[in-house]
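Survey of secondary and tertiary structure
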Amino acid sequence: MIRFAAVNKAYAGRSALHNVSFLLERGEMAFLTGHSGAGKSTLLKLSMLIERPDSGEVTVNDQRLSTLRGRGIAHLRRNIGFVYQSHHLLNDRNVFDNVALPLQIAGFSHRDIARRVRAALDKVGLLSKERQIPSTLSGGEQQRVGIARAVVNKPPVLLADEPTGNLDPQLSTEILQLLQEFNNVGVTLLVATHDLALIAKMPHRSLILRQGELIAGAGSADAPAASNQPQDSAGNPIEQPARHAPASAADRQSGSGGIT
Amino acid sequence: MLGIAIAVPTLLQVGVSNLQQISGHNSAGLEINAYLRPGLDDAPSELMGWLDGQELVLQQKFISAEQGLKEFASLVGEEAAALAGSLPDNPLPATVHIILQQQAGMAETADELASALRSRPEVEAVSFDLEWFRKAEALVNLAANLHIAALLLLGSGVVLVIGNSVRVGIESRREEIVVAKLVGATHAYARRPFLYLGLWLGAGGALLGLLLTGLCLLALTHYISPIEEAFGTSLGLHGLSLPAALWVLLGSAALGWLGAIIACAQQLHRMNPG
Ligand SMILES: Nc1ncnc2c1ncn2[C@@H]1O[C@H](COP(=O)(O)OP(=O)(O)O)[C@@H](O)[C@H]1O
Ligand SMILES: [Mg+2]
């Protein structure tokens, strides 16, 4: 579903991702972790063509992203839900209209929009707040509006960048459980987070980035960087993700010093 | 600003068309006199018919030798006329007086017409001032060229002004555009509202410009009518016709649309999420 093959990305000469390869299968859920500055956001941005790699190939939904231009990019994004730490909600319109935006862009009819928006808001438990302006909601509620907007299109892939970043542990767990529910119905999910305590609670693979290199969790045969990491589970078939390894790897990593 | 940018070329257009009108009515000098061979005292129907067929000819008038003498008399006074009259034969030839239509490239066509006249058997001589034709033509062309230059200059002014307004509009909605692009908006989708903005700005500017033009023409008419009275003539100043006004409206809206396309091409691509 999401495949990186030898992807490199540098910003102004400074490497942000170095030779990253991994495969995330259809319907799988995985965490993407590492220190601040390790390249998590960059990896997600490459997955929906907010950025382009300097070399290597990214494939999402069986589309090689290097081949996409203009409309192709727009249509790719309609098939990827994206949840942000800073929810990117528009405060010049109410919750309903925020969630409706992807559907309006995709050209759905008014009736379909109303039906799908209400279904998505119901799913995140905010149906009663559809007339409110996002800024009047709490942080956790705003994040859930962001999730509703990300899934309203029923995309096969959902990416989340620090979705719990501003939330307390209890709310974080709730958000993660919500995301898990989408995975349960078949949505492929990649969640970037540095909240190791949260990761430890869930039995999913972790892709671990350190200074732009994928040091664990690459998952499939074409991921050489991860295979020689003794403490990770990368060699395991991804259908049986091991839950113990990521936490220990991340623990080791947290001792490895500051990265800008 | 926008209104003025549209009013100026519109006024110029009115000015030029009036100028063409006036010089068209008063085609002094834009004429050919064909002097006929002696003895031809009736209008030579063949020649007159031929002239009728010429596109350039606005009017033709046969002046017999006697009429010519009378006109001559009224011009030079009785005494000299009496002198001429005392001659045994009327020294003046019968003449065909031809007034020409003003049109582009008329100097050359008039020259050809004069040559053709000269080679006709009825015609003894032709008086025709090519230089004068050239000057008149140059004057009309100059006005038209000035008008085109002003149109281009102010047209690009409209594009720039509207482009800039649209750019400000895009900037003020940056957040919305970025979010829309993130959830799958195409370039076409993102720019659509701004194209409409450009269109409306152009149309609105045109209405303002037309209003200004109308006011200017009103003022001009006010000042011109005493002059007309003093000279006992009507300059026949005419305003902007309805079709012309519609053209101004459409043209300006199109320029606004163009300005918006340019602004979007420059601005929207830079508004990428990230
Ligand atoms: N737009 C950018 N311009 C320049 N450098 C950037 C940009 N985005 C990210 N970086 C750099 O790339 C590296 C990885 O950043 P990022 O992917 O945001 O890491 P993370 O999300 O794991 O914190 C960092 O060193 C960061 O400073
Ligand atoms: Mg980040």
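This text follows the structure it describes.
Notes on the structure in this doc start here. (Residues numbered from 1 in each chain as written. Chains lettered and ligands numbered in written order. Predicted model: local features only at pLDDT ≥ 70, side-chain atom pairs only at ≥ 80, totals over all residues. Heavy atoms only, no water.)

**Structural notes on the overall build of chain A**
- What chain A contains, in helices and strands, is nine helices and ten strands.
- Within the span of chain A, comprising 260 residues, buried residues form 55% of the whole.
- The contacts in chain A between residues at least 6 apart in sequence include a share of 68% that link residues at least 24 apart.
- If you sum the accessible surface of chain A, you get close to 11,100 Å²; carbon and sulfur atoms cover 49% of it. (Helix = DSSP H or I, 4+ residues; strand = E, 2+ residues; numbered from the N terminus. Buried < 20%, exposed > 50% of the residue type's maximum accessible area, 1.4 Å probe, protein only. Contact = heavy atoms within 4.5 Å. Areas by Shrake-Rupley, 256 points an atom, 1.4 Å probe, with all protein chains shown as cover.)

**Some points on the overall build of chain B**
- Scanning chain B for helices and strands turns up nine helices and four strands.
- Across the 274 residues of chain B, 38% fall into the buried class.
- Long-range pairs, those at least 24 residues apart, make up 84% of the contacts in chain B with a sequence separation of at least 6.
- For chain B, the computed accessible surface area is about 15,400 Å², with 64% contributed by carbon and sulfur atoms.

**With respect to the site of ligand 1**
Residue and element names in this part refer to chain A.
- Not every one of the twelve residues close to ligand 1 is listed here, only the nearest: G37, G39, K40, S41 and T42.
- Within the contact set of ligand 1, an oxygen atom lies 3.3 Å away from a backbone nitrogen or oxygen of A38.
- The separation between an oxygen atom of ligand 1 and a polar main-chain atom of G39 is 3.0 Å.
- Burial of ligand 1 by the protein chains amounts to 65% of its free accessible area of 560 Å².
- Taken together, the elements giving at least two residues each to the shell around ligand 1 come down to β2 (14-24) and α1 (40-47).
- In terms of residue count, α1 provides more of the shell around ligand 1 than any other element does, three residues in total. (Near = heavy atom within 4 Å. Polar contact = N/O pair within 3.5 Å; in protein donor to acceptor, adjacent residues only side chain to side chain.)

**Quick word on the sheet that holds strand β4 (residues 123-127) of chain B**
Residue and element names in this part refer to chain B.
- Pairing is antiparallel in the open sheet, where four strands are placed in the order β2-β3-β1-β4. Each end of this open sheet is capped by a strand with a single partner; those strands are β2 (57-63) and β4. Strand after strand, the sheet turns through a mean of 20° between neighbouring axes, direction not considered.
- Judged from the five bridges that link them, strand β1 (residues 31-36) and strand β3 (residues 95-100) form a sheet pairing that is antiparallel. Directly across from N33, in β3, lies its bridge partner H97. (Pairing = 2+ DSSP bridges. Axes fitted to C-alpha atoms, helices over the stretch in contact; angles between N-to-C directions.)

**What to know about a nonpolar patch on the surface**
All names here are of chain B.
- Together, I4, V8, L211, L212, L215 and L218 line one region of the surface with nonpolar side chains, adding up to about 560 Å² of accessible area.
- Secondary structure elements with two or more residues in the nonpolar patch: α1 (2-25) and α8 (187-231).
- Residue placement: L215 occurs in helix α8.
- Overall, the relative accessible area of 52% leaves L215 in the exposed class. (Patch = residues over 30% accessible without salt bridge, like charges linked within 9 Å, V, L, I, M, F, W, Y side chains within 5 Å. Salt bridge = Lys/Arg side-chain N within 4 Å of Asp/Glu carboxyl O.)

**Some remarks on empty space enclosed by the protein**
- Enumeration according to the criterion identifies three cavities of 30 Å³ or more in this entry.
- Reported here for the largest cavity is a volume of approximately 110 Å³.
- Along its surface, the largest cavity is lined by 14 residues, and I80(A), G81(A), R149(A), A150(A) and V183(B) are the ones closest to its centre.
- Of all elements in the fold, only α2 (70-78), β6 (80-83) and α5 (139-151) of chain A reach the threshold of two or more residues within the lining of the largest cavity.
- Split into classes, the residues belonging to the lining of the largest cavity amount to eight nonpolar, three polar and three charged. (1 Å grid on protein atoms, 1.4 Å probe; cavity = no way out; pocket = protein on both sides within 12 Å on 5 of 7 lines; lining within 4 Å. Points joined across faces, edges and corners; volume = space filled by probe spheres on them. Nonpolar A, V, L, I, M, F, W, Y, C, P; charged D, E, K, R; others polar.)

**Here's the deal with the pairing of strand β1 (residues 2-11) of chain A**
Residue and element names in this part refer to chain A.
- Pairing of β1 with β2, which is carried by seven bridges, proceeds in the antiparallel orientation. Opposite I2, over in β2, you have L24 as the bridge partner.
- In textbook terms, the turn of a hairpin is the stretch between consecutive antiparallel strands, and for β1 and β2 this stretch comprises two residues, one of which, A12, has a positive phi near 50°.

**Some words on the sheet that holds strand β8 (residues 188-192) of chain A**
All names here are of chain A.
- Overall, mixed pairing links the six strands, which are arranged β6-β7-β8-β3-β9-β10 in an open sheet. In this open sheet, the two strands that pair with only one neighbour each are β6 and β10 (213-216). Averaged over all adjacent pairs, the angle separating strand axes in this sheet is 20°, with direction ignored.
- Strands in contact with α5 are β6 and β7 (157-161); relative to β6, the strand with the most contacts, it is inclined by about 170°.

**Details of the pattern of salt bridges**
- Enumeration according to the criterion identifies 16 salt bridges over all chains in this entry.
- We note a salt bridge from K9(A) to E51(A), for which the minimum N-O separation is 3.6 Å. Taken together, the positions of K9(A) in strand β1 and E51(A) in the loop between α1 and β4 (55-60) put the pair 42 residues apart, joining distant regions of the chain. Just as K9(A) is buried, E51(A) falls in that class too.
- A salt bridge links R131(A) to E130(A), with the shortest nitrogen-to-oxygen separation between them at 4.0 Å.
- You can call R131(A) exposed: its relative accessible area is 54%.
- Among the residues examined, E130(A) registers a relative accessible area of 13% and is labelled buried.
- Within this structure, D92(A), R93(A), R173(B) and E176(B) form a network of salt bridges that share partners.

**Considerations on unusual backbone geometry**
- Phi at N61(A) takes a positive value of approximately 50°, unusual for a residue other than glycine.
- Within the fold, N61(A) resides in the loop between β4 and β5 (63-64).

**Structural notes on the interface of chain A and chain B**
- Chain A puts 18 residues into the contact, and the matching count from chain B is 13 residues.
- Between chain A and chain B the total buried area reaches about 1,400 Å² when both faces are included, carbon and sulfur atoms providing 64% of it.
- Per-residue buried area on chain A facing chain B is highest for R77(A), L90(A) and I105(A); these three make up 34% of the total on that side.
- Here chain A and chain B share one salt bridge between them.
- Between R93(A) and E176(B) there is a salt bridge; the shortest N-O distance is 3.0 Å.
- At the boundary of chain A and chain B, one finds three residue pairs in polar contact (both at pLDDT 80 or more).
- When residues of the side of chain A that touches chain B are traced back to their parent elements, those giving at least two are α2 and α3 (95-106) of chain A.
- Split into classes, the residues belonging to the side of chain A that touches chain B amount to nine nonpolar, two polar and seven charged. (Buried area = accessible area lost by both parts, 1.4 Å probe.)

So, to be careful, I would describe these as geometric facts and stop short of saying anything about function.
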